[in-house]
Amino acid sequence: MENLHLDRRRFLRQSFAFSATALWASRHGLAKVMPKDPAAAELLMLGDWGYLNPAAQQVVAKGMADYTLREKLKPQALLMLGDNWYEALEGGVDSERWKTGFEEMYPKSVFDCTAYAVLGNHDYQYFPKSKVEAELEYARRGHSRWTMPAKWYTFEFPKKNPLITFIALDSNMPHPIAPRKDGKPTIDFTLTEEERVAQLAWLEAELQKPRKTPFTVVIAHHPVFSDGPHGDHQILIRDWDPLFRKYGVHAYLAGHDHDLQHLEFEGHPTTYFLSGGGGADLYDLKVDPTVRGPYAHKVYGFSHLSVTPKKLMLQHLDGDGRLLHAIEKTPEGKLTVLS
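Residues numbered from 1 in each chain as written. Predicted model: local features only at pLDDT ≥ 70, side-chain atom pairs only at ≥ 80, totals over all residues. Heavy atoms only, no water.

### A short note on the sheet that holds strand E6 (residues 164–168)
Judged by pairing direction, the sheet is mixed, and its seven strands sit side by side in the order E5-E6-E7-E8-E10-E9-E11 without closing on themselves. The open sheet has two free edges, formed respectively by strand E5 (153–157) and strand E11 (294–297), since each of these has just one partner strand. The average angle at which neighbouring strand axes cross in this sheet is 20°, direction not considered. Across four bridges, strand E8 (residues 251–254) lies against strand E10 (residues 271–275) in parallel orientation. Its bridge partner being in E10, Ala254 is matched across the sheet by Leu274. Helix H7 (residues 193–208) rests against E5, E6 and strand E7 (215–219) of the sheet, and its axis sits at about 175° to E6. (Pairing = 2+ DSSP bridges. Helix = DSSP H or I, 4+ residues; strand = E, 2+ residues; numbered from the N terminus. Axes fitted to C-alpha atoms, helices over the stretch in contact; angles between N-to-C directions. Contact = heavy atoms within 4.5 Å.)

Next up, the structure:
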């Protein structure tokens, strides 16, 4: 297999060349709304949402609800793209934050659908215990829309006559962690190396299965490539990106950098779509989208996916539900920037 551990210079050369007009329009939100296809299945997504100070989260959640009602959407799923809980989750699975920060923040009266969740780095942090087991247990209790059957899993969307095979992964890769100053044992807030290897083998096995849907989409918390301060993730470039290329994954959805992004690379089948504006403090971009894009914006917001047998549409919206950027992609991989 070709060595795909690529340096930044090569990626800059590979970036798609989009028109200046389309880029300007996408950054300034010229279009208010994209035409709605009544035959499409719809879902909404956001990452980095469970901040201890919920002020920005409340704004984005209200904007998402208002947008859903205004556009008469009937979302058939939510994607919760990690960093679901920052800081302490007092009481674990019985924490009051489940009610205030999830159940009431994204009310069932508006979002009466399954909420598929993946783990972020803050979910692994100990305050004083890991929140990972609490999130898995909350799903096991079966009384909520919250869905996380394992650290990595797969599902089809929509549930009836599915059009997308989703593969949900845990992107918390093993890495060195500095020793604690208090002398206590260092806690590795990540997968173990054994889990990394097992997940990678499982991922390829899933991608090798015969496709029953026109689209395949992978979701996780960390971006493979990002114009934000965290930058490109070298382990995911080494492990996952070759498989995305080999098996023609249509899109990869993530969060982690607190902004909204869309990256394309020439000859690459995968659209990289980052939705990290759910409520945590925003980050300054490290790479201008005119250099590598076509889109990146330091802004609170969420994202909207709609799908038919012939097209996959992805949209970024700000915290008030105003359209910022939209694209369409066919099962064959043809990409169109709509705004």
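### Quick notes on the sheet that holds strand E13 (residues 311–318)
Working definition: the strands of a sheet are paired by backbone hydrogen bonds and lie parallel or antiparallel to each other. Across the sheet, eight strands lie side by side as E4-E3-E2-E1-E12-E13-E14-E15; this open sheet has mixed pairing. Bordering the open sheet on either side are strand E4 (146–147) and strand E15 (335–337), each of which pairs with just one other strand. Sheet topology note: the strand E1 (residues 41–46)/strand E12 (residues 301–308) ladder contains five bridges and is antiparallel. Bridge pairing in E12 links Leu43 to Leu305. Seen against the sheet, helix H3 (residues 55–70) touches E1, E12 and E13 and runs at an angle of roughly 35° to E12.

### Brief notes about the packing of aromatic side chains
Summed over all chains, the structure comprises 21 aromatic pairs. Residues Trp49 and Tyr106 carry aromatic rings whose centres are separated by 5.7 Å and whose planes lie at 85° to one another, so their mutual orientation is edge-to-face. Here the residue Trp49 occupies a position in the loop between E1 and H3, and Tyr106 occupies one in the loop between helix H4 (97–103) and strand E3 (114–117), the gap between them amounting to 57 residues. Taken individually, Trp49 and Tyr106 each receive the classification buried, so the pair is uniform in this respect. Aromatic ring contacts, followed pair by pair, group Trp49, Trp85, Trp98, Phe102, Tyr106, Tyr138 and Trp146 into a single cluster. (Phe/Tyr/Trp six-rings, centres within 6.5 Å; stacked < 30°, edge-to-face > 60°. Buried < 20%, exposed > 50% of the residue type's maximum accessible area, 1.4 Å probe, protein only.)

### Let's talk about helix H6 (residues 132–140)
By the burial criterion, the buried members of H6 are Val132, Ala134, Glu135, Leu136, Tyr138 and Ala139. Looking at the buried positions of H6, the neighbouring elements they touch are H4, helix H5 (121–124) and E4. After H6 finishes, the residue Gly142 shows a positive phi value of roughly 70°.

### Some points on unusual backbone geometry
In this model, Phe157 is joined to Pro158 through a cis peptide bond whose omega is -15°. With respect to the element layout, Pro158 can be found in the loop between E5 and E6. Positive phi outside glycine occurs at Asp48, with the angle close to 55°. Checked against the element boundaries, Asp48 lands in the loop between E1 and H3. Look at Asp48 and you get buried, because its relative accessible area is 0%. Even without a glycine there, the phi angle at His256 is positive, about 80°. Relative to the assigned elements, His256 resides in the loop between E8 and strand E9 (260–263).

### Concerning the pattern of salt bridges
Scanning the entire structure with this criterion turns up 22 salt bridges. Of the charged contacts, one joins Lys151 and Glu195 as a salt bridge, the two residues approaching to 3.0 Å between their closest N and O atoms. Remark: Glu195 occurs in helix H7 and Lys151 occurs in the loop between E4 and E5; sequence separation between them is 44 residues. What you see here is one network of salt bridges that share partners, running through Asp94, Glu133, Glu137, Arg140 and Arg141. (Salt bridge = Lys/Arg side-chain N within 4 Å of Asp/Glu carboxyl O.)

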